[in-house]
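Report on the structure
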Amino acid sequence: MLLLPQPLSIRFPSIRFTSPTLRHYLIFLPPFSATTASTVTVTTATSSGDSSFSSSSSFTSKPNDVDEEDEDEDEPSSPTWLDPAEFQLAESYRAVPAPLWHSLLKNLCSSSSSVDLAYALVSWLQKHNLCFSYELLYSILIHALGRSEKLYEAFLLSQRQSLTPLTYNALIGACARNDDLEKALNLMSRMRQNGYQCDFINYSLIIQSLTRTNKIDTSILQKLYRELECDNIELDGQLINDIIVGFAKAGDPSRALQILGMAQAIGLSPKSGTLLSVISALGNCGRTVEAEAVFEEMKETGLKLRTKAYNAIVKGYVKGGSLKDAEFVVSEMERRGVSPDEYTYSFLIDAYANAGRWESARILLKEMEASNVQPNTFVYSRILAGYRDRGEWQKTFQVLREMKSNGVEPDRHFYNVMIDTFGKYNCIDHAMTTFDRMLSEGIQPDTVTWNTLIDCHFKSGRYDRAEELFQEMQDRGFSPCATTYNIMINLLGERDRWEDVKRLLGKMQGQGLLPNVVTYTTLVDIYGQSGRFEDAIECLEVMKSAGLKPSSTMYNALINAYAQRGLSDQAVNAFRAMRADGLKPSILALNSLINAFGQDERDVEAFAVLQYMKENDLKPDVVTYTTLMKALVRVDKFNKVPAVYEEMIMSGCTPDRKARAMLRSALRYMKQTLKS
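Residues numbered from 1 in each chain as written. Predicted model: local features only at pLDDT ≥ 70, side-chain atom pairs only at ≥ 80, totals over all residues. Heavy atoms only, no water.

Let us now look at the packing of helix 20 (residues 377–389) against helix 21 (residues 396–405). Running from N to C, helix 20 and helix 21 cross one another at 160°; their axes reach a closest spacing of 10 Å. Looking at the two axes, helix 20 sits roughly antiparallel to helix 21. Here the hand of the crossing between helix 20 and helix 21 comes out right-handed. When helix 20 is examined against helix 21, the residues T377, Y380, I383, L384 and Y387 are found in contact with a partner set consisting of T396, V399, E402 and M403. Broken down by class, the residue content of the contact of helix 20 with helix 21 amounts to six nonpolar, two polar and one charged. (Axes fitted to C-alpha atoms, helices over the stretch in contact; angles between N-to-C directions. Helix = DSSP H or I, 4+ residues; strand = E, 2+ residues; numbered from the N terminus. Parallel < 35°, antiparallel > 145°, perpendicular 65-115°, else oblique. Left-handed = near helix turned anticlockwise from the far one by under 90°. Contact = heavy atoms within 4.5 Å. Nonpolar A, V, L, I, M, F, W, Y, C, P; charged D, E, K, R; others polar.)

Structure, rendered in C-alpha cells:
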C-alpha cells in the first residue's frame, strides 16, 4: 500500500486564546519614519553608481568571482580590494544602524517593481558587512517574493543560509499565499522536526489557502489543530475564525460549533461570514434547528442580517424538506426590508420542483421578473436538476430553450448540470455533445466537468474512454482533485489493476492530496469485492492511524463483501468492529449481515438479526424480508417463506419483483412436494 499514515487527532481539548488585538504578521522591527527611510533610499540609489548593486538573478545564483577556498567562509571578506570610490561610499554608511536598513528594505519590497532593487541592496550590504541581521533581511525578501508570486526565487534565496525560524516562517507563508500547500505542509513538518515552532499566522494562511482552493479536509484541520495544542500556541481572533470556517467548509459543523463556543466563552466575537459558514454547514447536514439557533444569535448580537444570511437558512430548510419554514423565512426577510436575490428564488424554485409543484415554481419565476430580479443560470440549473432527480431528463432541452428565450446564456455550471443529467441516464453521446458545445462557445470546463464526464463513462462501462478523458484532463492543464482520483481508483479496482491502483495513490499523495474517507471507503470496497480482504483491512487500519474515523458506508461495504462470499464469521467481526468504533448499525449493514448468514446457511442467526432490528427500533425494509426468504430457500425451509412474506406486508413494506419471485418459488416447491 502506498497510503502514508498521517498522525492526526480527532480530539479537541482546551486551547489558549488571546485577544484579537494581539495579532501580528512577520516579526519585523518597528518601522522608522518615512523621511529617514526615503533619505537612505535616495542616497543609496544615486550615490552608489552602477558598480555597487547587482541584479536579482546574480543574487540568487552562486557568484563566479569567488575563489573555491573562500566558499566555506561564513562571513564575506573585507572589501579593501574594491574601487576606492565604492569603498569610501560603503564606509560612509558604516554608522547607519541595522533597523534603518530593515526599514528601507521593507519599503523597497512593498512594490513588485522595486523587488530587484531590494535584491541588490541585500547583496551590497553583505558585500560590505554593513548589516549583520541578515536573517531578517532574507525573511523580508522571501516574504516579498511570495507576495509577487516568485516562489522559485524565494526557495533559491533560502538556500543561501541555514533555515532559521524566521526564514522558515517566511517560506511557509510564501507557499501558502501561492497555494502550494504540499511545500507549505512539508516545510512546517521539517520545522517542527528541527525543534522550531511555526508562527500561528502561517496556520491562518494555510487554512485560508485550503479553503480558497477547495482542498479543505477535516483530517488536515485536525492535524493542524493538534499541532497548535501540542505547541501551546495562543490563538488570535483571525485564526479562530479561519479554523471555524475551515471545519464548516469541510462539512464538519460539530467541530465548527465546538470551536465557536470556545471562542465565545472567552469573549471573542466571530465575524458574520464565519457564522454564515456555520449556518450553511448545518443546513447542508439537515441540522436546521441548530442553524436557526445560530441565525437567531446573529440577530441578538446586533449583526446586520443581509440577504446572504437569510439565504443560508433558506437553503438549509429546503435541503431538509421543510418547504413551509423556507417560505416563512422568505416572508420574514421581505417584512424586514431585505430583498430576496436570485439565489433566494432559486432555492425556493428548487424546493417546488422537488415537491412536484411546478406551477408554484413558474409563479415564482414571474414574481422574480416583477421584482426586477433577472433569473440567472443558477435558477435554470436548479430547475434542470429538479427534472433530473425526477427522472425527466428529456425536459433538458425544453429548459435550455426557455432559458435562451429569456435572454439568459448558459454558463459552465448549467452545462455541468446538463452533462450530469445525461450521464445519470446513460445518454453518453448527449453528454459529449454538450461538452463539445460548451467548448465551442468559449466556456472552459472545470474539475467538476471532467469528473462528471469521467464518472459517467466509467459507470456506463466505457473504461478506456474514461481513462482517455482522465489523461486529456491533465494534458489540458487541469489538476485532478481527490474526487477525480477516487473515481479512477474505483475504475482500476473494478478491472483488477492493483499495481495501477497503488501507482495512482502515490501520484495522488505526490500532488499533495491526502486520501479522504471516500478514498479509503472506495479502496475497502474494491478490495473486498475482489476478495483481497487483507488489503481491505490494511486500508481500514491505515485510515484509523491517520486519525480518520471510518464511516458506516465503509463497514457496509466490508460486511457486504464478506457476505457475497459466505464468510459469515468475518462479517460478524466487521459488524462488531463497527459497533466498537461507535457507529450505529444501518439497515444496509444489517441486511448484509443477514445475507452473510443466508449464504452460509445459518438461517437461525439470520432471523436473530431481524429480532435485533426490532429491539433497536430499526424498521426492516423489503430487502430485509426478501433476504430472509432467500435464506430459508437455501436451507429448504420453503414452508416458512409465506409467513415471512405476510409479515412483510403487515409491516407496511410493499413487495417488489424479487420478493414476489421468492414467494412463487417457495409455493411452487411446496406444491410439487404435496403432489409427490
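Below, the discussion takes up the environment of D656. Residue position: D656 is located in the loop between helix 35 (641–650) and helix 36 (657–675). On a C-alpha basis, the gap between D656 and V623 in space is 8.9 Å, while along the polypeptide they are 33 residues apart. If we ignore the near neighbours within four places in the chain, the residues touching D656 are V622 and T626. Polar contacts involving the side chain of D656 include one to the main-chain amide nitrogen of A659, which spans 2.9 Å. (Polar contact = N/O pair within 3.5 Å; in protein donor to acceptor, adjacent residues only side chain to side chain.)

A full pass over the atoms with the stated rule returns 27 salt bridges. Ionic pairing is found between E441 and R437, a salt bridge with its closest N-O pair at 3.4 Å. According to the relative accessible area criterion, E441 is partly exposed, its value standing at 34%. Classification of R437 by relative accessible area gives partly exposed; the value is 35%. The partner of R465 in a salt bridge is E468, with the nearest N and O atoms 3.2 Å apart. (Salt bridge = Lys/Arg side-chain N within 4 Å of Asp/Glu carboxyl O. Buried < 20%, exposed > 50% of the residue type's maximum accessible area, 1.4 Å probe, protein only.)

Using the criterion set out here, one finds 14 aromatic pairs in the structure. Arranged with centres 6.3 Å apart and planes meeting at 75°, the rings of W393 and F422 form a pair that is edge-to-face. Placement of the pair is W393 in the loop between helix 20 and helix 21 and F422 in helix 22 (residues 412–424), with a sequence separation of 29 residues. (Phe/Tyr/Trp six-rings, centres within 6.5 Å; stacked < 30°, edge-to-face > 60°.)

A contiguous patch of positive charge on the surface is contributed by K630, R634, R657, K658, R660, R664 and R668. Those elements giving two or more residues to the positive patch turn out to be helix 34 (622–634) and helix 36. The greatest single-element share of the positive patch, amounting to five residues, is contributed by helix 36. With respect to the helices and strands, K658 occurs in helix 36. (Patch = residues over 30% accessible without salt bridge, like charges linked within 9 Å, V, L, I, M, F, W, Y side chains within 5 Å. Areas by Shrake-Rupley, 256 points an atom, 1.4 Å probe, with all protein chains shown as cover. Lys, Arg positive; Asp, Glu negative; His and termini not counted. Charge placed at Lys NZ, Arg CZ, Asp CG, Glu CD.)

Two elements in contact, helix 22 and helix 23 (residues 428–440), have axes separated by 8 Å at closest approach and are oriented at 165°. Relative to helix 23, the element helix 22 is oriented roughly antiparallel. Read as a crossing pair, helix 22 and helix 23 show a hand that is left-handed. When helix 22 is examined against helix 23, the residues R412, Y415, N416, M418, I419 and F422 are found in contact with a partner set consisting of H430, A431, T434, F435, R437 and M438.

Now for the nonpolar core. In this structure, Y203, I206 and I243 are the most contacted members of the largest nonpolar core, which totals 174 residues. With sequence-adjacent residues up to four places away left out, I243 is seen in contact with I207, Y225, L228, L235 and I259. Grouped together as the second largest cluster of nonpolar side chains are 20 residues, V96, L100, L104 and L141 included. (Core = buried A, V, L, I, M, F, W, Y, C linked by side-chain atoms within 4.5 Å.)

Turning our eyes to something else, we now look at helix 24 (residues 447–459). It helps to recall that an α-helix has 3.6 residues per turn; residues three or four apart then point in one direction. Helix length check: helix 24, at 13 residues, gives a terminal C-alpha distance of 18 Å against a target of 18 Å (1.5 Å per residue), a fit within 8%. Those residues of helix 24 lying buried are T449, W450, N451, T452, L453, I454, C456, H457 and F458. Within two residues after helix 24, G461 carries a phi angle of roughly 85°, on the positive side. (Expected span 1.5 Å × (residues − 1).)

Turning to helix 9 (residues 181–193), a few remarks are in order. Helix length check: helix 9 (13 residues) gives 18 Å between terminal C-alpha atoms against 18 Å at 1.5 Å per residue, within 8%. Every buried residue belonging to helix 9 is among L181, A184, L187, M188 and M191, and all of these are buried. Viewed along the axis of helix 9, the buried residues span an arc of 130°, placing them on a single side of the element. Remark: G195 follows helix 9 within two positions and exhibits a positive phi of approximately 85°. (Arc of directions from axis to C-beta.)

Further remarks concern the side chain of D252. As for its placement among the helices and strands, D252 is situated in the loop between helix 12 (237–249) and helix 13 (253–265). Apart from the residues lying within four places of it in its own chain, the contact partners of D252 are T218 and F247.

On to the confidence of the model for the chain, then. Scored by pLDDT, the chain comes out at a mean of 79, with 84% of its residues at no less than 70. Ranking the helices and strands of the chain by mean pLDDT puts helix 24 first, with 95, and helix 1 (residues 34–47) last, with 37. Across residues 1–80, where pLDDT falls below 50, the model places 154 contacts with residues more than four positions away in sequence or in other chains. (pLDDT = per-residue confidence, 0-100.)

Another aspect to go through is unusual backbone geometry. One non-glycine residue, E601, adopts positive backbone phi at about 60°. Looking at where E601 falls in the secondary structure, it is placed in the loop between helix 32 (587–599) and helix 33 (603–615). Positive phi is not limited to glycine here, since D617 has a value of about 55°. Since its relative accessible area comes to 73%, D617 is described here as exposed.

This next bit is on the side chain of D242. Position of D242 relative to the elements: it lies in helix 12. Engagement of the side chain of D242 in a polar contact is seen with the side chain of S204, the distance being 2.8 Å. Excluding anything up to four places from it in sequence, D242 contacts S204, I207 and Q208.

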